Amino acid sequence: MRSVRRLVPPVVFACLLLAGCKSTSLGTSTPSGSGNPGAGAPGTVGSGRAIAVGAGPQKHYTVQQQPAAGTCHYRYEHGEPLEDPKCTPGAISPAVTQANLKSTICRKGGYTSGVRPSAYVTGKEKKLNAASYDYTGSMSEGEYDHLISLQLGGDPNDYRNLWVEPADPGHKASQGINNKKDPVETKLHTAVCSGRVSLAAAQRAIVIDWTTALSRLHLQ
């Protein structure tokens, strides 16, 4: 607080106090340059925490710093691996809103291929994130997964939206990546594009628990 007082003139500081400024919780603020989400204001999770807004699609992606090694821990629901919400709380793209679905994730011809980071970038991030989660399985069997998928308006390269997802229980080695979360994302995408559920509701459901997302939204 002392350093703030030195930098801010007394009159301005007093005005800030009278205005009742509130601090923003870690992981819920809008990063600089991410733009205004507008009609796509982020949904809320749990007790009302807003989903973070990432920087959105970039012309040139760079390798993002990952959580420190060993600080993230998988959870399991119905035998399925879930992300650590402290390390991977999810992040949405400001470029996708409820108002522009037809020109983004629901447009004919596809959307995800035009915003997906290169394998060069994600390959390096995947190794770093594997260390974050203490993932010891085969790298070819674990998916570097967008928690909120690109087809649901997830941010393409925000570290808060990416994690190494282990193979499903019973998955046979050498079968490559084939997780049960993928068809859930596809069904949610179909529901959003058909107007059955809102974009924010689908994003919120996948962040809370992808294994219950469909039942939570009465889609199964």
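In what follows, the structure referred to is the one given above.
All residue numbers here refer to positions counted from 1 along the written sequence of the relevant chain. Totals for whole chains, interfaces and linings use all residues, but because this is a predicted model, local features are given only for residues with pLDDT of at least 70 and pairs of side-chain atoms are given and counted only at 80 or more. Remark: hydrogens and water are excluded; side-chain values derive from all non-hydrogen atoms of the structure.

A. Structural detail: the pairing of strand 8 (residues 162-165). The classification of residues rests on relative accessible area computed with a 1.4 Å probe and restricted to protein chains. Under 20% of the type maximum is buried, over 50% is exposed, and intermediate values are partly exposed. In this description a helix means any DSSP run of H or I spanning at least four residues, a strand means any run of E spanning at least two, and both kinds are numbered starting from the N terminus. Where burial is concerned, the two faces of strand 8 agree: the one with Leu162 and Val164 and the one with Trp163 and Glu165 are both buried. For two strands to count as paired, DSSP must find a minimum of two bridges between them. Of the pairings in the sheet, the one linking strand 7 (residues 143-146) to strand 8 comprises 4 bridges and is antiparallel in character. For Asp145, the partnering residue across the bridge sits in strand 8 and is Trp163.

B. Up close: the layout of surface pockets. Cavity and pocket criteria rest on a 1 Å grid covering protein atoms alone: a 1.4 Å probe that fits but cannot get out defines a cavity, protein on both sides within 12 Å along at least 5 of 7 lines defines an open pocket, and an atom within 4 Å of a point defines a lining residue. Grid points are joined across faces, edges and corners, and a volume is the space filled by probe spheres set on the points. Volume-wise, the largest pocket comes out at about 230 Å³. Lining the largest pocket are 13 residues, with Arg116, Glu143, Tyr144, His146 and Leu150 sitting closest to its centre. With 4 residues, strand 7 is the largest single contributor of residues to the lining of the largest pocket. When its residues are assigned to classes, the lining of the largest pocket shows 4 nonpolar, 5 polar and 4 charged. Just so you know the grouping, Ala, Val, Leu, Ile, Met, Phe, Trp, Tyr, Cys and Pro go in nonpolar, Asp, Glu, Lys and Arg go in charged, and all remaining residues, Gly too, go in polar.

C. Examining the packing of aromatic side chains more closely. Each Phe, Tyr or Trp ring, with Trp reduced to its six-membered ring, pairs with another whose centre is within 6.5 Å; inter-plane angles below 30 degrees give stacked pairs, above 60 give edge-to-face pairs, and intermediate values give tilted ones. All told, the structure shown has 3 aromatic pairs when counted by the stated rule. When the centroid spacing of 6.3 Å and the interplanar angle of 50° are considered together, the rings of Tyr133 and Trp163 count as tilted. On the criterion of sequence distance, the pair formed by Tyr133 in the loop between helix 3 (119-132) and strand 7 and Trp163 in strand 8 is long-range, its members being 30 residues apart. Members of the aromatic cluster, connected to one another through ring pairs, are Tyr74, Tyr133 and Trp163.

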